[in-house]
Amino acid sequence: MRKNRVAITVIGLATLLMISPLFLNHQALYGVDGPFQYSRIYEAAMQLKNHNFSFLNLYTFQPAESSTVFTAH
């Protein structure tokens, strides 16, 4: 039982250490895959809200024309 408490405490402290910059700066990280991650969260929330569960993106589908595509010329 003591090992479990120590492990949970260590994991909890490591987690707080890793996310402390988010709390100290009062802003979230938004990297190159930010829109993708946001759409995944939104998709899951809408599926839960509407009780319509699917592996397909029903609420956040974005056609290829709306994404940025770089081509080499």
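Let me begin by describing the structure that accompanies this report. Since we're looking at a predicted model, the values are computed, not measured. Throughout, a residue's number is its position along its own chain's written sequence, starting from 1. Totals for whole chains, interfaces and linings use every residue, but because this is a predicted model, local features are given only for residues with pLDDT of at least 70 and side-chain atom pairs only at 80 or more, for both listing and counting. Side-chain measures were taken over the full set of non-hydrogen atoms in the model, leaving aside hydrogen atoms and water.

Regarding the overall build of the protein
And step 1. Secondary structure elements are taken from DSSP: a helix is a run of H or I of four residues or more, a strand is a run of E of two residues or more, and numbering for both begins at the N terminus. Along the protein, the regular secondary structure elements total two helices and zero strands.
And step 2. Across the 73 residues in the protein, those meeting the buried criterion constitute 8%.
And step 3. Under the convention used here, a 1.4 Å probe and the Shrake-Rupley method define accessible areas, while residue burial counts only the protein chains that appear. Carbon and sulfur atoms form 67% of the exposed surface of the protein, whose accessible area is close to 7200 Å². Residue exposure (1.4 Å probe, protein chains only): buried if accessible area is under 20% of the type maximum, exposed if over 50%, otherwise partly exposed.

As for the packing of aromatic side chains
And step 1. Note on aromatic contacts: the rings of Phe and Tyr and the six-membered ring of Trp form a pair at centre separations within 6.5 Å, being stacked when their planes are under 30 degrees apart, edge-to-face when over 60 apart, and tilted otherwise. For the coordinates displayed, the defined rule picks out one aromatic pair.
And step 2. Here tyrosine 38 and tyrosine 42 contribute two aromatic rings whose centre-to-centre distance is 6.5 Å and whose plane-to-plane angle is 20 degrees, an arrangement assigned as stacked. Note that tyrosine 38 and tyrosine 42 are positioned in helix 2 (residues 34-50) at a spacing of four residues, about one turn of the helix.
And step 3. Note on tyrosine 42: relative accessible area 35%, which makes it partly exposed.

Focus: helix 1 (residues 2-25)
And step 1. How far a helix is expected to stretch is found by multiplying one less than its residue total by 1.5 Å. With 24 residues, helix 1 extends 35 Å from end C-alpha to end C-alpha; this agrees with the ideal 34 Å at 1.5 Å per step.
And step 2. Buried residues are scarce in helix 1, accounting for zero of its 24 residues.

Here's the deal with unusual backbone geometry
And step 1. Even without glycine at this site, histidine 51 takes up a positive phi of about 55 degrees.
And step 2. As for its position among the elements, histidine 51 is in the segment after helix 2.

Remarks on the side chain of glutamate 43
And step 1. One can find glutamate 43 in helix 2.
And step 2. In contact with glutamate 43, other than residues within four places in its own chain, are Leu56, Asn57, Leu58, Tyr59 and Thr60. Whether two residues touch is decided by their heavy atoms; if any such pair falls within 4.5 Å, the residues are in contact.

Thoughts on helix 2
And step 1. Between its first and last C-alpha, helix 2 extends 24 Å over 17 residues, near the 24 Å set by a 1.5 Å rise per residue.
And step 2. Those residues of helix 2 that fall on the buried side of the exposure criterion are Gly34, Ser39, Glu43, Met46 and Gln47.
And step 3. Positive backbone phi, approximately 55 degrees, marks histidine 51, located one or two places after helix 2.

Quick look at the layout of surface pockets
And step 1. The computed volume of the largest pocket comes to approximately 280 Å³.
And step 2. In terms of residue class, the lining of the largest pocket is built from seven nonpolar, six polar and three charged. Note on definitions: the grid is 1 Å and covers protein atoms alone; a cavity is a set of points where a 1.4 Å probe fits but cannot get out; a pocket is an open set with protein on both sides within 12 Å along at least five of seven lines; lining residues have an atom within 4 Å of a point. Grid points are joined across faces, edges and corners, and a volume is the space filled by probe spheres set on the points. Residues are grouped as follows: Ala, Val, Leu, Ile, Met, Phe, Trp, Tyr, Cys and Pro are nonpolar; Asp, Glu, Lys and Arg are charged; every other residue, Gly included, is polar.

Function cannot be read off these values alone, since they describe shape.
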